[in-house]
Amino acid sequence: MKVGIIGSGGREHAICHSLKKSNKIDKIFCFPGNAGTSDLAENVDINFENFENLKNFIIKKQIDLIIVGPEKPLVEGIVDYLKKFKIKVFGPNKIASKLEGSKIFTKQLCKKFNIPTAKFGIFETKSEAKIFIKEMNYPTVVKADNLAAGKGVYICNNKLEAEIAIDEIFNGKFGKAKNILIEEFLYGEEMSFFTIHDGKNFKNFGTAQDHKRVLEGDKGKNTGGMGAYSPSRLIDDTLEKKIIDKIIKPTLNGLSENGTKFCGFLYTGLMIVENEPFLIEYNVRMGDPECQTILPKLKTDLLDIFEASCDGTLDKINIEWIDKKSICVVVCSNGYPEKYETNIEIKGLDKVIQNENNLLFHAGTIKKNDIVYANGGRVLNFVSLANDFVSAKKNISYSLETLNWSKGFFRKDIGYKVIN
Ligand code: AMP
Ligand code: GLY
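Overview of the structure. No experiment lies behind these values; they were computed from the predicted model shown.

Turning our attention to the overall build of the protein chain. Across its full length, the protein chain carries 13 helices and 23 strands. Over its C-alpha trace the protein chain gives a radius of gyration of 21 Å, about what one expects of a compact globule, namely 22 Å for 420 residues. Each principal axis of the C-alpha atoms in the protein chain carries an extent, and together these give about 60 × 50 × 40 Å. When each of the 420 residues of the protein chain is scored for burial, the buried share is 55%. Counting contacts in the protein chain only where the partners sit at least 6 residues apart, residues at least 24 apart contribute 69% of the total. In the form shown here, the protein chain has an accessible surface area of approximately 18,700 Å², with 47% of it arising from carbon and sulfur atoms. Counting 60 positive and 54 negative side-chain charges, the protein chain places the averaged centre of each group 2 Å from the other.

So, about the sheet that holds strand β7 (residues 140-144). With antiparallel pairing, four strands are arranged side by side in an open sheet as β6-β9-β7-β8. The outermost strands of the open sheet, each flanked by one partner alone, are β6 (120-123) and β8 (153-156). Across this sheet, the average inter-strand angle for adjacent strands is 20 degrees, counted without regard to direction. Where β6 meets strand β9 (residues 180-184), four bridges bridge the pair, whose relative direction is antiparallel. Across the sheet, Phe-123 pairs through a bridge with Ile-180, a residue of β9. This element, helix α7 (residues 126-134), spans β6 and β9 of the sheet and lies at about 10 degrees to β9.

Moving on to empty space enclosed by the protein. Rolled over the atoms, a probe sized like a water molecule indicates the empty space that remains. Following the criterion strictly, the structure yields four cavities of 30 Å³ or more and no others. Within this model, the largest cavity holds a volume of roughly 80 Å³. For the lining of the largest cavity, the class distribution of residues is six nonpolar, two polar and six charged.

A word on the nonpolar core. In summary, soluble globular proteins display a tendency toward joint burial of nonpolar side chains. Counting 66 residues, the largest nonpolar core has Leu-19 and Phe-205 as its most contacted members. Once you skip the residues sitting within four places of it in the chain, Leu-19 turns out to touch Val-3, Ile-5, Ile-25, Ile-28, Ile-67, Leu-302, Leu-303 and Phe-306. Ranked by size, the runner-up nonpolar core spans 41 residues in total, among them Ile-6, Val-44, Leu-239 and Leu-279.

Here we come to the packing of α7 against helix α8 (residues 159-170). As a packed pair, α7 and α8 sit with axes 10 Å apart at the nearest point and diverge in direction by 160 degrees. In terms of axis orientation, α7 runs roughly antiparallel to α8. Considering the relative orientation of α7 and α8, their crossing is right-handed. Contact residues: α7 offers Lys-126, Ala-129, Lys-130, Ile-133 and Lys-134, while α8 offers Lys-159, Ala-162, Glu-163, Ile-166, Asp-167 and Phe-170. Grouping the amino acids of the contact of α7 with α8 by side-chain chemistry returns five nonpolar, no polar and six charged.

What follows covers helix α11 (residues 302-311). Where burial is concerned, most of α11 is hidden: seven out of the ten residues are buried. Capping the start of α11 is the job of one residue whose side-chain oxygen sits 2.8 Å from the backbone nitrogen of Leu-303: Asp-301. Gly-312 sits one or two positions beyond α11 and adopts a positive phi of about 75 degrees.

Taken together, 15 residues form the shell around ligand 1, and within it Glu-183, Glu-184, Leu-186, Glu-190 and Glu-281 come nearest. The separation between an oxygen atom of ligand 1 and a polar side-chain atom of Glu-190 is 2.4 Å. For ligand 1, an oxygen atom lies 3.0 Å from a polar atom in the side chain of Glu-281. A total of 470 Å² of accessible area belongs to ligand 1 in isolation, and the protein chains cover 92% of it. Of all the secondary structure elements, the ones that give two or more residues to the shell around ligand 1 are β7, β8, β9 and β16 (276-283). Counted by class, the shell around ligand 1 contains eight nonpolar, no polar and seven charged residues.

Considering all chains together, one arrives at 31 salt bridges under this definition. Its salt-bridge partner being Asp-218, residue Arg-411 comes within 2.8 Å of it at the nearest N-O pair. In this pair, Arg-411 sits in the loop between β23 (408-409) and α13 (416-419) while Asp-218 sits in the loop between β12 (213-215) and β13 (219-222), placing the two residues 193 residues apart along the sequence. The class of Asp-218 is partly exposed, set by a relative accessible area of 26%. Here Arg-378 makes a salt bridge to Asp-288, at a shortest N to O gap of 3.7 Å. With Arg-378 in strand β22 (residues 378-386) and Asp-288 in the loop between β16 and α10 (290-294), this pair connects stretches of sequence that are 90 residues apart. In this pair, the class of Arg-378 matches that of Asp-288, namely buried.

Right, let's get into the sheet that holds strand β3 (residues 42-43). With parallel pairing, five strands are arranged side by side in an open sheet as β3-β2-β1-β4-β5. The open sheet terminates on both sides in strands that have one partner only, identified here as β3 and β5 (89-90). Where strand β1 (residues 2-7) lies against strand β4 (residues 65-68), four bridges are found, and the strand directions are parallel. Across the sheet, Val-3 pairs through a bridge with Leu-65, a residue of β4. Contacts from helix α1 (residues 10-20) reach β1, β2 (27-32) and β4 within the one sheet, and its direction differs from that of β1 by about 165 degrees. α11 contacts β1, β4 and β5 of the sheet and is inclined by roughly 95 degrees relative to β4.

Thresholds, definitions, all that
Residues numbered from 1 in each chain as written. Chains lettered and ligands numbered in written order. Predicted model: local features only at pLDDT ≥ 70, side-chain atom pairs only at ≥ 80, totals over all residues. Heavy atoms only, no water. Helix = DSSP H or I, 4+ residues; strand = E, 2+ residues; numbered from the N terminus. Rg over C-alpha atoms; globule rule 2.2 N^0.38 Å. Buried < 20%, exposed > 50% of the residue type's maximum accessible area, 1.4 Å probe, protein only. Contact = heavy atoms within 4.5 Å. Areas by Shrake-Rupley, 256 points an atom, 1.4 Å probe, with all protein chains shown as cover. Lys, Arg positive; Asp, Glu negative; His and termini not counted. Charge placed at Lys NZ, Arg CZ, Asp CG, Glu CD. Pairing = 2+ DSSP bridges. Axes fitted to C-alpha atoms, helices over the stretch in contact; angles between N-to-C directions. 1 Å grid on protein atoms, 1.4 Å probe; cavity = no way out; pocket = protein on both sides within 12 Å on 5 of 7 lines; lining within 4 Å. Points joined across faces, edges and corners; volume = space filled by probe spheres on them. Nonpolar A, V, L, I, M, F, W, Y, C, P; charged D, E, K, R; others polar. Core = buried A, V, L, I, M, F, W, Y, C linked by side-chain atoms within 4.5 Å. Parallel < 35°, antiparallel > 145°, perpendicular 65-115°, else oblique. Left-handed = near helix turned anticlockwise from the far one by under 90°. Polar contact = N/O pair within 3.5 Å; in protein donor to acceptor, adjacent residues only side chain to side chain. Near = heavy atom within 4 Å. Salt bridge = Lys/Arg side-chain N within 4 Å of Asp/Glu carboxyl O.

Structural data, given as structure tokens:
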């Protein structure tokens, strides 16, 4: 079989690495992939936002299955588009992707189906929003409605900060804003809960906790994710049942009332407040870097799981996991998430020990004449699996010392809640 993966991050390298273990796959194409995927697959330098060019390539090369990694093409309807040409594709359709593409769509669904979430207001103008924030308790949360690569959320400590957030969003910092969302700040601990869906059935796909802030102690600017560990320390059978019964099942009912079904990965971003789950956000894909901590623990053939999701037969498959803890530490270019340099050589990658428990997934890298260069903000993902988090973290520290890349930085405290 030939498989194509859309995306270029650590998540897509991890997907590529897992798929490579399947003996049913002859060839993998990555659109466009990175230096890491180029060792496992053929990287294709094609702009996947041009659906037509992508479709022509898929048909020409007779690719049997397409996996969509990132949210943007999903929200723009790549699944609906490719399916029109009878191309098999793993991921949710355009309507279901509104769960991530529009925070307001999700909030309205929560309201209608009594899904626990922070109290909120939706406003169409600056003036309405500014009247509302006069009455709020602080901190309060101001959110852009549309996709903003994790940056359209402001935690505001006072009225002035909230006014600035409202102005920035309505002035178009994250694209044209028709609405704004203002919500109550929830005090609790975050958790990422993953499920995989086939339109009728769904199965759990692990839990994780990521570290979104750039600085140690969870301080500083929000990023795409500086590291993660799996499983989350909060999960147990009681909490899992609450998440499924109070959040996921009503969401699927809500989608069905909107005339659609969910296929693909669903990433439920939660705040756990005194053992009760509250929905913070949905993402319609795997998390990055959460994916890098979850997939290496998968025992079942990932291709079989993707095919079952496309064919509506997930109920027939038993998803098995290695019972280990895992951690991922992300190495970023100096300056990230603000300005950083690109085209910087990374030496010494061949010295880093890699085996089934110690993995190195690339993100913003590119290979030219066998030399690897950093060309993105998040560059490398060091992952380790062990019987306990302390050992996993030690293995990663050893790999990071071996690499000793002076042009990059990483958070030394990833996993501090499960290690100290
Ligand atoms: P989102 O993009 O909606 O996941 O928000 C980004 C981050 O902002 C989340 O991961 C949380 O850390 C934080 N956040 C968002 N909404 C809230 C809330 N209502 N209360 C507390 N923190 C929040
Ligand atoms: N790790 C956060 C995300 O993938 O959105």
